[in-house]
Amino acid sequence: MSPRSIPATAPAPFLPTTRQEMDALGWDACDVVVVTGDAYVDHPAFGSAMIGRLLEREGWRVGIIAQPEWQGPDAFKALGEPRVCFGITGGNVDSMIANLSANKHRRREDDFSPGGKSGNRPDRATLVYANRVREAYPGVPVVLGGIEASLRRLAHYDYWDDKVRRSLVVDSKADILVYGMGEKQITTIVERLARGEAPRQLDGIPGTVVVRGVDDLPANAVELSSYEAVAADKGTYAAAFRQADLELAPATAKPLTQRHGDRVVVQWPPSEPMSQKDLDALYELPFRRAWHPRYEAEGGVPALETVRTSITAHRGCCGDCSFCAITSHQGRIVTSRSEQSILAETRRIAADPDFKGTISDVGGPTANLYGARCKRWDQGKFCDNKHCLLPERCEHLELGYDASIRLYRKVADVPGVKHVFLGSGLRFDLLTRDSDRRYLEQIAAHQVSGLLKVAPEHCDDRVLGLMAKPRFSVYEDFVERFRAASNKAGKKQYIVNYFIGSHPGSSLREALKLALYLAKRRIKPEQIQDFIPSPMTRATAMYHTGTDPLTRKRVHVPRTLKERRMQRALLQYDRPANRKLLEAALAEIDAMHVLPKFEAASGKRPAGSSPGQPRAKRTAAGPRIGKSRPARPGGGKPKARGKNKSSKPRRGRS
């Protein structure tokens, strides 16, 4: 089959989601049907839309089955049998994280569903959808992709089952699994299948995982311990994680193999990052930047609102935080779009009659890594056993601050644009040198909407080391610099701080240290982000094994619900409902003597004080976690509040 050429700039209808929509296009069948756990939003921040539009540009007829009824196979027959394959994704977020909280409670909302209603996707959506597709059309090739598949590509610890599960490609009986961002892989797979290659012949495609027999393995592969071995022994699991972590650079990585019974999972090396030209071309695709009209009656899809006027400027992150899945998914190599491409997208956004004048973000996983370069990245490589940013930023890392300043100013000059903000988080440790001052003053004056998001995560340096985050003194230095830059701009601005509770390495004593830091500054977070062990991260390996897989040192793990709740109570010291847990935590570590500090910070009279004793003055609001109030550098009450959409299509932490 030869692809039918479609101009990238041509106006395009939504990809069909029903037989009636296919008929309107004159199609008798789709070439590829994409099944997704998200509602269908035709916007570049949504993976199924990006893949669908890319395949459409290559000439393939693509249909979307969004959030199908999964109890039987009928919903998966809605578009008929595709000529080439089914592509299956759980959605922009791992379905277990989308459905369940850190304490394994069922979530009440899902911003990727119509009206924000939960219950529209199953747990382990990718696995369930693959099984239903097999029931509906047993002979059609099945391709898995998206973040859920990407992070479950090898044997992995699963927090919700509290056990090591097999590779998703084994459990689903899929023909091939795509890991990473996936555009190069899916176009190659579809082309090869359409040429008549059997699914068993899809070998050697970078960024994919397949299952083979013991006699069909690549000669130069690194063999990981088997699923059975890593499931039975935590030390073996940690060693396998350490081995796999060394094979992430596209130019130098070797294939990985891992036995699962009498079959072998083969992970081919990661795909090379897209070139700037190819990345630009993706954002020229004819997205409608809207949810499908079928959702209008339910109020649309809330997740779109957080990115409707945002622009993805780059991919990848060299931060490599222990709890973050970006390194395993997007990779450490940063690829930035061209200035011309971003300006063209800005003009398209500004041409929308509903545009109000604000570009909400020009960012990525880390906003201030736009234009970053390293000569090793240009070769598809990065340093083994060395972080780009820790303990200090590498001398070979070139930051793109001059290009960023020029870009922000040109975006602001596009007719119709009034404000250009940075909604993505920033690496504050890249803003603490005198050479960074010009960039910091630019964003303080023009790119901060009153609230600047940064992630100190903790205040204990040992815990920060396990998180692969900078020392806390670096954060404190940044706060002073941001305050000075804001003062120079004549603006009162506030820092949105993100902290994590119950991360591996944080015992009640470390949680108390953070709580006392918050109390001293009268910071009262309304919500704390409890650590969630997502598959394939270093922090999750710590959680499961009790050791740091890279250093092999023992790590304290807050494993019980009781300890996790006590750590949260310490950090939310001012809540009356937490009083008993707060006292229990302090008693357990023999620290009841600090209770008056929390009472004073809460604005309550310490026990035994006279009614006439003045209440503690409230001088600063808390670090904003979810709906909490933002803290102004140097204290003072904020005048502005914002709402954090934690379900924003993923650019940053997972």
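The rules behind these values
Residues numbered from 1 in each chain as written. Predicted model: local features only at pLDDT ≥ 70, side-chain atom pairs only at ≥ 80, totals over all residues. Heavy atoms only, no water. Salt bridge = Lys/Arg side-chain N within 4 Å of Asp/Glu carboxyl O. Buried < 20%, exposed > 50% of the residue type's maximum accessible area, 1.4 Å probe, protein only. Helix = DSSP H or I, 4+ residues; strand = E, 2+ residues; numbered from the N terminus. Pairing = 2+ DSSP bridges. Axes fitted to C-alpha atoms, helices over the stretch in contact; angles between N-to-C directions. Contact = heavy atoms within 4.5 Å. Core = buried A, V, L, I, M, F, W, Y, C linked by side-chain atoms within 4.5 Å. Phe/Tyr/Trp six-rings, centres within 6.5 Å; stacked < 30°, edge-to-face > 60°. Disulfide = S-S within 2.5 Å. Expected span 1.5 Å × (residues − 1). Polar contact = N/O pair within 3.5 Å; in protein donor to acceptor, adjacent residues only side chain to side chain. pLDDT = per-residue confidence, 0-100.

Asks: Just to check I follow, could you spell out the pattern of salt bridges for this structure?
Replies: Side chains that differ in charge, positive against negative, can pair when their charged atoms come close. In total, this model carries 45 salt bridges according to the counting rule given. A salt bridge links R57 to E58; its shortest N-O distance comes to 3.2 Å. The exposure class of R57 is partly exposed, given its relative accessible area of 25%. What makes E58 partly exposed here is its relative accessible area of 26%. Across the salt bridge formed by E197 and R192, the nearest N and O atoms sit 3.1 Å from each other. Residues joined in a network through salt bridges with shared partners are D94, R124, R152, D158, D161, R165, R166 and D171.

Asks: Help me understand the pairing of strand β21 (residues 494–501) in this model?
Replies: Counted residue by residue, β21 has eight buried out of eight residues, so it is predominantly covered. Side chains Y494, V496, Y498 and I500 of β21 all project onto a buried face; the interleaved residues I495, N497, F499 and G501 project onto the opposite face, where all are buried too. Note that strand β20 (residues 451–457) and β21 share five bridges and pair parallel. Bridge pairing links L451 to Y494 in β21.

Asks: I would appreciate a short explanation of the sheet that holds strand β4 (residues 85–89) in the present structure.
Replies: Two orientations exist for strands paired in a sheet by backbone hydrogen bonds: parallel and antiparallel. Strand order in this open sheet of nine strands is β3-β1-β4-β5-β8-β9-β12-β11-β10, and the pairing throughout is mixed. In this open sheet, the two edge strands, each paired with only one partner strand, are β3 (62–66) and β10 (222–224). Between one strand axis and the next, the sheet turns by 25 degrees as a mean value, whatever way the strands run. Of the strands in this sheet, β1 (32–36), β4, β5 (142–145), β8 (176–178) and β9 (208–212) are in contact with helix α7 (residues 183–194), which crosses β8 at around 155 degrees. With respect to the sheet, helix α9 (residues 234–245) is in contact with β10 and β11 (256–260), its orientation differing from that of β10 by roughly 155 degrees.

Asks: How should the nonpolar core be read in this particular structure?
Replies: Within the largest apolar cluster, 156 residues are counted, with the highest numbers of intra-cluster contacts made by F46, W377, Y439, F478, L570, L586 and F598. Ranked by the residues each element gives to this core, the list is headed by helix α18 (residues 508–520), at eight residues. With 36 residues, the next largest nonpolar core counts L79, V133, V169 and L177 among its residues.

Asks: Is there a simple way to think about the environment of G546 in this case?
Replies: On the secondary structure map, G546 appears in the loop between α19 (538–545) and α20 (561–571). On the accessibility criterion, G546 (5% relative accessible area) is buried. Distance in space between the C-alpha atoms of G546 and P504 is 8.0 Å, their sequence separation being 42 residues.

Asks: Just to check I follow, could you spell out the packing of aromatic side chains for this structure?
Replies: By convention here, two paired aromatic rings are described through the distance between centres and the angle between planes. This structure, assessed with the given rule, holds 16 aromatic pairs. A ring pair is formed by F478 and F482, whose centres lie 6.0 Å apart and whose planes are at 20 degrees; its orientation type is stacked. With a gap of four residues between them, F478 and F482 both fall in helix α17 (residues 472–488), about one helical turn apart. For the residue pair F478 and F482, the accessibility class agrees, reading buried in each case.

Asks: Please explain the state of the cysteines as it appears in this structure.
Replies: By definition, a disulfide is the covalent link that joins the sulfur atoms of two cysteine residues. Under the defined criterion, the tally for this structure stands at zero disulfides. Considering cysteine sulfurs only, C318 is the nearest to C388, which forms no disulfide, with 4.5 Å between them. A relative accessible area of 10% means that C388 is categorised as buried. The cysteine C394 is free of any disulfide, with C383 supplying the nearest cysteine sulfur at 5.9 Å. The buried category is assigned to C394, whose relative accessible area is 15%.

Asks: Explain the pairing of β3 to me, please; I cannot follow it from the model alone.
Replies: Regular strands have side chains that alternate between both faces of the sheet. Burial of β3 is extensive: five of the five residues sit out of reach of the surface. Alignment of β1 against β3, held across five bridges, turns out to be parallel. Each bridged residue has a counterpart across the sheet, and for V32 the counterpart in β3 is V62.

Asks: Looking at this structure, I do not really get the sheet that holds strand β22 (residues 529–530). What am I missing?
Replies: Read from one edge to the other, the open sheet built from three strands follows the order β20-β21-β22, with strand pairing classed as parallel. Two strands lie at the open edges of the sheet, namely β20 and β22, each paired on one side alone. Across the sheet, α17 touches β20 and β21, and the angle it forms with β20 is around 165 degrees.

Asks: Quick question: what am I supposed to make of α18 here?
Replies: The periodicity of an α-helix, 3.6 residues per turn, causes residues three or four places apart in sequence to face the same way. Compared with the 18 Å implied by 1.5 Å per residue over 13 residues, the 18 Å span of α18 between its first and last C-alpha is a close match. For α18, the full list of buried residues reads L508, E510, A511, L512, L514, A515, Y517, L518 and A519. Of the residues one or two after α18, R522 is the one with positive phi, at around 55 degrees.

Asks: How should the environment of R165 be read in this particular structure?
Replies: Position of R165 among the secondary structure elements: in strand β7 (residues 163–165). On the basis of relative accessibility, which here comes to 15%, the residue R165 falls in the buried class. With 419 residues separating them along the chain, R165 and A584 place their C-alpha atoms 35 Å apart. Excluding residues within four positions of it along the chain, R165 makes contact with R124, L127, A155, H156, D158, D171 and Y227. Side-chain polar atoms of R165 contact the side chain of D161, separated by 2.6 Å.

Asks: Help me understand the confidence of the model for the chain, please; the structure alone is not making it clear to me.
Replies: Predicted coordinates in areas of low pLDDT are best not read in detail. Chain-level pLDDT for the chain is 90 on average; 90% of the residues reach the 70-or-more range. Note on residues 1–10: pLDDT is under 50 here. Beyond four places in sequence and across chains, it has 19 contacts. Below pLDDT 50 for its whole length, residues 605–654 participates in 147 contacts with residues either more than four positions away or in separate chains.

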